[in-house]
Amino acid sequence: MTPKILIIGACGQIGSELTFKLRQMYGDENVIASDISYNNAEVVNSGLFEILDAQNFTALKVCIEKYNINTVYLMAAMLSATGEKFPLKAWDLNTQSLFHVLDLAKAGVIKKIFWPSSIAVFGPTTPKDQTPQYTIMEPSTVYGITKQVGERWCEYYFNKYNVDVRSIRYPGIISWKTLPGGGTTDYAVDIYHKALQDGHYDCFLSENTALPMMFMDDAIEATVNIMAADKEAIKIRSSYNLSAVSFTPKEIAASIQKYLPEFTISYTPDFRQDIADSWPKSINDTPARTDWNWDHKFSLDDITKEMLSQLQAKYT
Ligand code: SER
């Protein structure tokens, strides 16, 4: 099957880079980017683009039929920090959009779905170190609750209706092209911008808060690889644990200081500290590595080197 792809949420942090990658892989004419507004000029101008509200089932169906879409990447979501401010909006957006896509696959209109889950599915009662694939999951954020129920529904649609849906539990994603928005792990992107602009960063998490993280290139690689894998290889139809690096604000600051020795950091934890404290410190992703050969490339220092050089070029 030649993929004819629709990316929902293509202007966002991951959606934008996924759009560029998929266009490279499958050709501009086979990849339709969509979002609720034109808020990323690079994406909008890079090829076919549609304004689309993922909560509007009719609009979604019309768009899918217009382009004969067979594969959907559903990247639109409200993340953890914003979700705590708008609980019902987060619930509606994150669950309705998923049901729409799952139902279109159940009806045979589309054949394959990528839907991201998150480390936010875990909660305060989950073992924090090397969190296994199968463990206690009692998420305490609205975002985490939407992702956990989403996982249950993905598995249900696969078991009952043979819907080919594939999913990864992303850790915090670090990138330089498009800013993340409304997440708890966003500090690990902000810090590089502030290091170059001000030489100082005031972090909203405390110095020893360890969280699982990953460079964008690794996240994109994982996403296209799980989608390219044989159907039989994908044995987990809820969502796969996925891990690369794990570090604290103090450790990322030390990594930046290797390149910018004058850089300083201070700590003013806010409401996002509670969210971070409820999540794992590190993740065990053995099933992803075994089932579809996942492997990451970027260490913390690799990430720092790449972030600083790319952002430096952007700012000058
Ligand atoms: N990056 C997300 C957040 O912080 C976690 O998936 O909300």
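Please refer to the structure higher up on the page.
Since the model is a prediction, treat every value here as computed from it, not as a measurement. (Residues numbered from 1 in each chain as written. Predicted model: local features only at pLDDT ≥ 70, side-chain atom pairs only at ≥ 80, totals over all residues. Heavy atoms only, no water.)

**Overview of the overall build of the chain**
Scanning the chain from terminus to terminus reveals twelve helices and 14 strands. The C-alpha radius of gyration computed for the chain amounts to 19 Å, which stays within 12% of the reference 20 Å derived for 316 residues, consistent with globular compactness. In terms of its C-alpha atoms, the chain occupies a principal-axis envelope of roughly 55 × 45 × 35 Å. Counting across all 316 residues of the chain, residues that qualify as buried make up 56%. A separation of at least 24 residues holds for 78% of the contacts in the chain among residues at least 6 apart in sequence. Summing over all exposed atoms, the chain offers an accessible surface of approximately 13100 Å²; the carbon and sulfur share of this is 51%. Averaging the positions of the 29 positive and the 37 negative side-chain charges in the chain gives two centres separated by 6 Å. (Helix = DSSP H or I, 4+ residues; strand = E, 2+ residues; numbered from the N terminus. Rg over C-alpha atoms; globule rule 2.2 N^0.38 Å. Buried < 20%, exposed > 50% of the residue type's maximum accessible area, 1.4 Å probe, protein only. Contact = heavy atoms within 4.5 Å. Areas by Shrake-Rupley, 256 points an atom, 1.4 Å probe, with all protein chains shown as cover. Lys, Arg positive; Asp, Glu negative; His and termini not counted. Charge placed at Lys NZ, Arg CZ, Asp CG, Glu CD.)

**Digging into the sheet that holds strand β9 (residues 172-174)**
Strand order in this open sheet of three strands is β9-β11-β13, and the pairing throughout is mixed. Each edge of the open sheet is held by one strand with a lone partner, namely β9 and β13 (245-247). Across this sheet, the average inter-strand angle for adjacent strands is 40°, counted without regard to direction. Two strands pair when backbone bridges link them, and β9 and strand β11 (residues 211-215) are joined in this way by three bridges, in the parallel orientation. Each residue of the ladder has a partner; that of I173, found in β11, is M214. (Pairing = 2+ DSSP bridges. Axes fitted to C-alpha atoms, helices over the stretch in contact; angles between N-to-C directions.)

**A look at the packing of helix α3 (residues 57-66) against helix α5 (residues 87-106)**
As a packed pair, α3 and α5 sit with axes 10 Å apart at the nearest point and diverge in direction by 45°. Between α3 and α5, the angle is such that the two are oblique. In the crossing of α3 with α5, the sense of the turn from one axis to the other is right-handed. In contact with F57, L60, K61 and I64 of α3, α5 contributes H100, V101 and L104. (Parallel < 35°, antiparallel > 145°, perpendicular 65-115°, else oblique. Left-handed = near helix turned anticlockwise from the far one by under 90°.)

**Structural notes on the pairing of strand β2 (residues 31-35)**
Where burial is concerned, most of β2 is hidden: five out of the five residues are buried. The pairing of strand β1 (residues 5-8) with β2 spans four bridges and is classified as parallel. Following the sheet pairing, I7 is matched in β2 by A33. Where the polypeptide runs from β1 across helix α1 (residues 13-26) and back to β2, its parallel neighbour, the crossover connection is right-handed. Alignment of β2 against strand β3 (residues 49-51), held across three bridges, turns out to be parallel. When the bridges of β3 are listed, D35 appears paired with I51. (Right-handed = clockwise from strand over helix to strand, strands pointing away.)

**Quick look at the site of the ligand**
If you check the shell around the ligand, you find L79, S80, S118, Y143, G183, T184, T185 and W279 and nothing else. The separation between an oxygen atom of the ligand and a polar side-chain atom of S80 is 2.6 Å. Contact with the protein chains covers 93% of the free accessible surface of the ligand, which is 230 Å². Residues that form the shell around the ligand fall into these classes: three nonpolar, five polar and no charged. (Near = heavy atom within 4 Å. Polar contact = N/O pair within 3.5 Å; in protein donor to acceptor, adjacent residues only side chain to side chain. Nonpolar A, V, L, I, M, F, W, Y, C, P; charged D, E, K, R; others polar.)

**Some remarks on the environment of Y187**
With respect to the secondary-structure elements, Y187 resides in helix α7 (residues 187-197). With 91 residues separating them in the primary sequence, Y187 and S278 have C-alpha atoms 17 Å apart. Those residues in contact with Y187 that lie beyond four places of it in its chain are Y201, C203, F204, L205, M213, F247, T248, P249 and I252.

**Remarks on the sheet that holds strand β6 (residues 117-118)**
Spatially, β6-β8-β12 is the arrangement adopted by the three strands of the open sheet, whose pairing is parallel. Edge strands, defined here as strands with exactly one partner in the open sheet, are β6 and β12 (240-241). On the sheet, helix α8 (residues 216-228) packs against β8 (168-170) and β12 and is oriented at approximately 170° with respect to β8.

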